[in-house]
Amino acid sequence: MHPAGKVIEARLQHLETHLEQENPILLSTVQSFRQLDAVAFRLGLLEGDNSFATQIPWWPLISILGTFSAGKSTFINHYIGTSLQRSGNQAVDDKFTVICYSKEATAHALPGVALDSDPRFPFYQMSDEIEKVAKGEGERIDAYLQLKTCPSEKLRGKIIIDSPGFDADAQRTSTLRITDHIIDLSDLVLVFFDARHPEPGAMQDTLSHLIERTIHRNDTGKFLYILNQIDTTARENNPEDVIAAWQRALGERGLTAGRFYAIYNPDAAVPIEDEALRQRYETKRDIDLKEIHSRMEEVEIERAYRIVGALEKTARDIEERSIPLISSALGRWKKRVLLGDALLMGGLLLALLIFSVNAGYWQGFKFAPPWLESGVNTPLPWVLAALLVIVLIVIHFAVRLAAARSLLKGLRKQVSSAGIKGNPVGAFLRSTKPWRSIFRKNPAGWGRKSKRELREVLQATDTYIQTLNDRFTNPSGSETLLAAEPASPAEAPQVAEENV
Ligand SMILES: Nc1nc2c(ncn2[C@@H]2O[C@H](COP(=O)(O)OP(=O)(O)O)[C@@H](O)[C@H]2O)c(=O)[nH]1
Ligand SMILES: [Mg+2]
């Protein structure tokens, strides 16, 4: 095994141990990822310390985004039932906080490096990403991230990310980069708006960024848009109007998909004096809050499908995108090599011809240089012929190398615009190694074995999906994963009680 393979293997085993307890259905998918890795290593799509399995998030992730002071931290505290996150009208917890479950009775906070260097968490090697967009900021990872563990049962099997308020802020680029990263990884994104400033005019920069990022996605279903603190609109008499105006404002920004909610926090709300009005507000809030909470519970199920989906997509991407990309690059490479060979070798031969004519080596059409007078029995003609062959070979390999390099930039661009996982550029380079004939159409490592293994992975994904369907559509078979479900219907009355 590749020496770096051990690190990955240890990581995959760690993942398996974790899944054994947390979600056994997903356990066998790790084996399929191993198979994919093997194919990709053969192709050169993966190198060194890499695995497709560690490139996808394995935990169900819920992120809470939105403007500063919209009530994100208060919402989380209420959800998990402890005041883990500080809240207030100043930017008190101005970091991204990854909140996850731990059996330990007391809550713990760990610095950002803990997240940056642990592949089990969603910010693994985030400092490199930050460094790319903001020089020097990568090493200040602790300024952006922290990890908190908490024994709340609500956190079991999921991770919640609280985000800072970051309007007009020196760390803006890095913060937005992290936000984009979080959105990509999340199974559910709650975007918080503040009913105290619901209008687009007051919509800060960051919120515009959030909306721009979310409207053009194909996974808009995972976004919930939440107008929070609607208790503050009670004086305005008609909450429906406020909500409608807010929704209209979002629509004007192009946001039409996704679900819209209006809530307020029972603990932080200002009292509503008018009894009838208060009841109307509470009813609206309880319905919406219950729906938001149950979406948060379902994330675990969605995560299972997401993982299998990622497995299938990775396998299909190799077959349907990476291989064709590499093959077509190889085709172009072949043409350039042939052209380069023709030009350079032809040029050399032409130069030799002209030289020999000038040197008087030709008598009519007969090649008769002085050094060939004594026939082919002397070493000199052979030495010269061998020299010529060597020069031609050197030219050919130099041309191969130059032609391959000339294609890299375009290939990199294609790869990044297609968003392909793995490294097709590396695979292409492997396929252009000196011992590979330029006439081979298939990339190196794309033989019968790889094709069969890829087919096996695709067949396995069908089986996984069926297993998941059986589990989630047949309640009797879903003791562990659906255990969280019955909890949500009980939530609404509980919330209402707290408010009385
Ligand atoms: N009236 C009212 N105040 C709220 C509500 N939610 C949060 N707050 C208050 O708004 C302030 C900011 O809340 P916080 O959770 O820190 O906002 P964050 O910056 O989004 O995390 C705090 O003083 C909260 O008590 C709500 O639903 N209604
Ligand atoms: Mg906060």
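These numbers come from a predicted model, not from an experiment. (Residues numbered from 1 in each chain as written. Chains lettered and ligands numbered in written order. Predicted model: local features only at pLDDT ≥ 70, side-chain atom pairs only at ≥ 80, totals over all residues. Heavy atoms only, no water.)

A. Fine view of the overall build of the protein. Secondary structure assignment for the protein yields 13 helices and 10 strands. Counting across all 500 residues of the protein, residues that qualify as buried make up 47%. In the protein, once contacts between residues fewer than 6 apart in sequence are set aside, the share between residues at least 24 apart is 79%. (Helix = DSSP H or I, 4+ residues; strand = E, 2+ residues; numbered from the N terminus. Buried < 20%, exposed > 50% of the residue type's maximum accessible area, 1.4 Å probe, protein only. Contact = heavy atoms within 4.5 Å.)

B. Focus on the site of ligand 1. Near ligand 1 there are 20 residues, and of these Ser69, Lys72, Thr74, Asp231 and Asn265 occur at the shortest range. The backbone of glycine 71 places a nitrogen or oxygen atom 2.9 Å from an oxygen atom of ligand 1. Calculation on ligand 1 without its partners gives an accessible area of 570 Å², and the protein chains cover 87% of this total. Among the elements that take part in the shell around ligand 1, helix H3 (residues 72-80) stands out by supplying three residues, more than any other. Split by residue class, the shell around ligand 1 holds six nonpolar, 12 polar and two charged. (Near = heavy atom within 4 Å. Polar contact = N/O pair within 3.5 Å; in protein donor to acceptor, adjacent residues only side chain to side chain. Areas by Shrake-Rupley, 256 points an atom, 1.4 Å probe, with all protein chains shown as cover. Nonpolar A, V, L, I, M, F, W, Y, C, P; charged D, E, K, R; others polar.)

C. Highlighting the sheet that holds strand S7 (residues 223-228). Pairing is mixed in the open sheet, where eight strands are placed in the order S3-S4-S2-S5-S1-S6-S7-S8. For this open sheet the edge positions go to strand S3 (108-111) and strand S8 (259-262), each flanked by a neighbour on one side alone. Along the sheet, successive strands turn relative to each other by an average axial angle of 20°, direction set aside. Bridge count for S7 against S8 is four bridges, and the pairing is parallel. Paired with tyrosine 225 across the two strands is phenylalanine 260, which belongs to S8. The strands touched by helix H9 (residues 275-358) are strand S1 (61-66), strand S5 (159-162), strand S6 (188-194), S7 and S8; relative to S8, the strand with the most contacts, the crossing angle is about 130°. (Pairing = 2+ DSSP bridges. Axes fitted to C-alpha atoms, helices over the stretch in contact; angles between N-to-C directions.)

D. Here's a closer look at the pairing of S6. Of all seven residues making up S6, seven are buried, and the element is well covered by its neighbours. Burial of the side chains of S6 extends over both faces: Leu188, Leu190, Phe192 and Asp194 are buried on one face and Val189, Val191 and Phe193 on the other. Alignment of S1 against S6, held across five bridges, turns out to be parallel. Of the residues in S6, the one forming a bridge with serine 63 is valine 189. Here S6 pairs with S7 via six bridges, running parallel. The residue bridging aspartate 194 from the neighbouring strand is asparagine 228, located in S7.

E. Quick look at the UniProt feature "transmembrane region" (unreviewed entry) in the protein. Per the UniProt record, "transmembrane region" (unreviewed entry) is found at residues 342-362 and 382-403. Annotated as residues 382-403, this span is 100% helix and 0% strand, and its ends, taken at the C-alpha atoms, are 31 Å apart. (UniProt positions renumbered as here; feature names shortened; annotations may be inferred.)

F. Geometry of unusual backbone geometry. We note that serine 69 has phi near 70°; this positive angle belongs to a residue other than glycine. Within the fold, serine 69 resides in the loop between S1 and H3. For glutamine 229, which is not a glycine, the phi torsion comes out positive at approximately 65°. Its location among the elements puts glutamine 229 in the loop between S7 and helix H8 (239-252). The exposure class assigned to glutamine 229 is buried, which follows from its relative accessible area of 16%.

G. Quick peek at the packing of H9 against helix H11 (residues 424-431). Across the interface, H9 lies against H11 with an axial gap of 10 Å and an inter-helix angle of 45°. In terms of orientation, H9 and H11 fall into the oblique class. As H9 packs across H11, the resulting crossing turns out to be right-handed. Contacts between H9 and H11 pair Ser322, Leu325, Ile326, Ala329, Leu330 and Trp333 from the former with Pro424, Ala427, Phe428 and Ser431 from the latter. (Parallel < 35°, antiparallel > 145°, perpendicular 65-115°, else oblique. Left-handed = near helix turned anticlockwise from the far one by under 90°.)

H. Layout of the packing of aromatic side chains. Going through the model one piece at a time under the given rule, you end up with 13 aromatic pairs. Here the aromatic rings of phenylalanine 33 and tryptophan 58 are separated by 5.6 Å at their centres, their planes lie at 65°, and the arrangement is edge-to-face. Of this pair, phenylalanine 33 sits in helix H2 (residues 27-43) while tryptophan 58 sits in the loop between H2 and S1, and the two are 25 residues apart along the sequence. Positioned over the ring face of tyrosine 264 is arginine 285, at 4.7 Å from the centre of the ring. (Phe/Tyr/Trp six-rings, centres within 6.5 Å; stacked < 30°, edge-to-face > 60°. Lys NZ or Arg CZ within 6 Å of the ring centre and 35° of its normal.)

I. Main features of the pairing of S1. Burial analysis of S1 places six of its six residues in the buried class, the great majority of the element. Of the two faces of S1, both are covered, the one formed by Leu61, Ser63 and Leu65 as well as the one formed by Ile62, Ile64 and Gly66. Two elements, S1 and S5, share four bridges in a ladder whose sense is parallel. Paired with isoleucine 64 across the two strands is aspartate 162, which belongs to S5.

J. Local environment of H3. For H3, the tally of buried residues reaches eight of nine residues, placing the bulk of the element in the interior. For H3, the complete set of buried residues consists of Lys72, Ser73, Phe75, Ile76, Asn77, His78, Tyr79 and Ile80.

K. The arrangement of the packing of H2 against H9 in detail. It is at 10 Å that the axes of H2 and H9 come closest, and there the two elements cross at 20°. Taken as axis vectors, H2 and H9 run roughly parallel relative to one another. Read as a crossing pair, H2 and H9 show a hand that is left-handed. Residues Thr29, Ser32, Phe33, Leu36 and Leu43 of H2 form the contact with H9, whose own contacting residues are Ile307, Val308, Leu311, Thr314, Ala315, Ile318 and Ile323. Its residues assigned to classes, the contact of H2 with H9 comprises nine nonpolar, three polar and no charged.

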